[in-house]
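Each chain is listed here by its residues.
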Amino acid sequence: MAGDRDVLTAIRQRRAVRHFEDAPVTRDQMLDVIRAARWAPAAGNKRVQRYVAVLDPTTIRLIRTVTPGMAGHPKGLIVVCLDWERVAALGYGGSRSIFYVDIGTATENMLLAAQAIGLGAGPVTSFSKEAVSVLLRLPSRLTPELMVILGHPVPRRTEHQSRPRTPTRLGDLVIWEHFSSDRANDHGY
Amino acid sequence: MDDTLVLSEAEVFDVVAFLVTAASLLPEEPVDYGPARLLTAAQRLCAAAASRSELSRDFLRHLAEEIVPRLNSRNSDPAGFRAFMDESCRAIAREAARRLGREV
C-alpha cells in the first residue's frame, strides 16, 4: 500500500483552535466532521459513542456558560457522549477505559477532518457534565464526555490565544525496546 | 461613586456560572488550572466592568488586557507567570489605596 505523506503533514499542522471568526459553520460541515469520527478505530467496532451536534447559537452560549474550558466563541459544537445502555447491552464489565480510548481516536479524526475542510477545532473536557446534560436534555443513559468546538479560525497572527509549542523532544517520549534508568534511551532527538 | 453598578445581570450570571462549574471540575484537573480559572474569571469581570467603572476604568482595562497573554504563556514561562501574579497583587494594593485617596 502506498504511503500518504499528506496525512503526516496534516497531523503536524493541526492545532487546537480556541478563537473563531463570526462566519457560521454549516450542517454539512458538521456531518463531514462526524463522518470522520465514524471511521475512527473503535474497540471491537462496537460504537458506543453518540454525537450531539449543536449549531443553535443560544444553545452554544448556554453550554459556554457551564464550560470553563471554553475561551472563545465557537459556531458549532459536537458533544461526544457515551451510551451506557449500549455498553451494558454489549456485556462489558470491569474496566471501561477502552471507551475513553475510543473517544480519543474519534476526536483526533474529527479534529483532522475539521482542518481538512478549512475549519478550526479544539477538544474541550473542562465542562460540567451535569449542566451540559441538562442543557442538551440528555437521557440518563448518555453522558457527555468531551466536546469538539468548531468554527473558522482567527488567523494565527492575531489569535491572542495561540501558545508556544511544547518543547518536548521525541527522545523524552520514546523508550526503545525496554525501560532503562541510565538514559541509554536518550538518543538526542 | 464607590457603589456604582458596573456589571449587567448577564455578566454576573456568566461569571458565577463559570466559577461554580470550574469549582466542580478543579478537584480532578491539573493544579495549575486553579490559578488559571480564577484569573480567567477576574479577566472577564475586569473586561465587563471597565467601560462602566468610574474609579478604576484604566486599571481594570489594563488588567484585563494583561491577563490573557500571561495565561497563555504560563506553561512556557512559569516564572514570568508567577511574577505577573505577584505584580498584579501589588498593583491591586496600590489601586485600592488610590481609590481611597491614600498614598502607599
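Here is what the cut-offs are and how they apply
Residues numbered from 1 in each chain as written. Chains lettered and ligands numbered in written order. Predicted model: local features only at pLDDT ≥ 70, side-chain atom pairs only at ≥ 80, totals over all residues. Heavy atoms only, no water. Helix = DSSP H or I, 4+ residues; strand = E, 2+ residues; numbered from the N terminus. Buried < 20%, exposed > 50% of the residue type's maximum accessible area, 1.4 Å probe, protein only. Contact = heavy atoms within 4.5 Å. Areas by Shrake-Rupley, 256 points an atom, 1.4 Å probe, with all protein chains shown as cover. Pairing = 2+ DSSP bridges. Buried area = accessible area lost by both parts, 1.4 Å probe. Salt bridge = Lys/Arg side-chain N within 4 Å of Asp/Glu carboxyl O. Polar contact = N/O pair within 3.5 Å; in protein donor to acceptor, adjacent residues only side chain to side chain. Nonpolar A, V, L, I, M, F, W, Y, C, P; charged D, E, K, R; others polar. Core = buried A, V, L, I, M, F, W, Y, C linked by side-chain atoms within 4.5 Å. pLDDT = per-residue confidence, 0-100.

Participant: Even after reading the chapter, I still don't get the overall build of chain A, so can you show me in this structure?
Facilitator: In terms of helices and strands, chain A carries 7 helices and 4 strands. Across the 189 residues of chain A, 39% fall into the buried class. Long-range contacts, defined as pairs at least 24 residues apart, comprise 77% of the intrachain contacts of chain A with a sequence gap of at least 6. About 11,100 Å² of surface is accessible on chain A, with carbon and sulfur atoms providing 54% of the total.

Participant: Explain the pairing of strand β4 (residues 142–151) of chain A here, please?
Facilitator: Along a regular strand, successive side chains alternate from one face of the sheet to the other. Residues and elements named next belong to chain A. Along β4, 9 of the 10 residues are buried, which leaves the element largely enclosed by surrounding structure. In this structure, strand β2 (residues 76–83) lies alongside β4, joined through 8 bridges in antiparallel fashion. Residue pairing for β4: Val80 is matched across the bridge by Leu146. As judged from the 5 bridges shared by strand β3 (residues 120–124) and β4, these two strands associate in the antiparallel manner. Looking across to β4, one finds that Val124 is bridged to Met147.

Participant: It is not clear to me how the interface of chain A and chain B should be interpreted in this structure. Could you clarify?
Facilitator: How big an interface is tends to be reported as the loss of accessible area on association of its parts. At the interface, 15 residues of chain A touch 17 residues of chain B. Together, the buried faces of chain A and chain B total about 1,200 Å²; carbon and sulfur atoms form 48% of this surface. For the pair chain A and chain B, the interface holds 0 salt bridges. Taken together, the links from chain A to chain B amount to 4 residue pairs in polar contact (both at pLDDT 80 or more). Residue composition of the side of chain A that touches chain B, by class: 5 nonpolar, 7 polar and 3 charged.

Participant: When you look at unusual backbone geometry in this model, what are you seeing that I'm missing?
Facilitator: A negative phi angle is the norm for most residues apart from glycine, just as the trans form is the norm for most peptide bonds. Residues and elements named next belong to chain A. Despite not being glycine, Asn45 shows a phi value in the positive range, around 55°. Residue position: Asn45 is located in the loop between α2 (27–38) and β1 (49–54). Phi is positive for Arg47, close to 55°, though the residue is something other than glycine.

Participant: It is not clear to me how the pattern of salt bridges should be interpreted in this structure. Could you clarify?
Facilitator: Opposite charge on two side chains permits pairing when their charged atoms draw close. In this structure the tally under the stated criterion is 11 salt bridges over all chains. The partner of Arg141(A) in a salt bridge is Asp83(A), and the shortest N-O contact between them spans 3.4 Å. Here Arg141(A) is found in the loop between α6 (129–135) and β4, whereas its partner Asp83(A) is found in strand β2, with 58 residues between them in sequence. Between Arg94(B) and Glu87(B) there is a salt bridge whose closest N-O contact spans 2.6 Å. Through salt bridges with shared partners, a single ionic network connects Glu87(B), Arg90(B) and Arg94(B).

Participant: Just checking my understanding: could you explain the nonpolar core for this structure?
Facilitator: Note on soluble globular proteins: their nonpolar side chains tend to be buried together. Residues and elements named next belong to chain A. Counting residues in each nonpolar core, the largest one holds 22 residues, and the members touching the most others are Val33, Ile78, Met110, Ala114, Ala121, Val148 and Leu150. Mapped onto this core, the elements with two or more residues apiece are α2, β2, α5 (97–116) and β4. Dropping the residues within four chain positions of it, Met110 is found in contact with Val33, Ala37, Tyr51, Ile78, Val80 and Val148.

Participant: Got a minute to help me understand the confidence of the model for chain B in this structure?
Facilitator: Note: predicted coordinates in regions of low pLDDT should not be interpreted at a detailed level. Averaged over all residues, the pLDDT of chain B is 93; the fraction at 70 or higher stands at 99%. Interface confidence for the predicted complex, given as ipTM, is 0.79, next to a pTM of 0.84.

Participant: Where do I start with the environment of Thr4(B) in this structure?
Facilitator: All names here are of chain B. Examined against the element boundaries, Thr4 turns out to sit in the segment before α1 (9–25). For the pair formed by Thr4 and Arg52, sequence separation is 48 residues and the distance between their alpha carbons is 8.4 Å. The contact partners of Thr4, leaving out residues within four places of it in the chain, are Arg52 and Glu54. A polar side-chain atom of Thr4 sits 3.5 Å from a polar atom in the side chain of Glu54.

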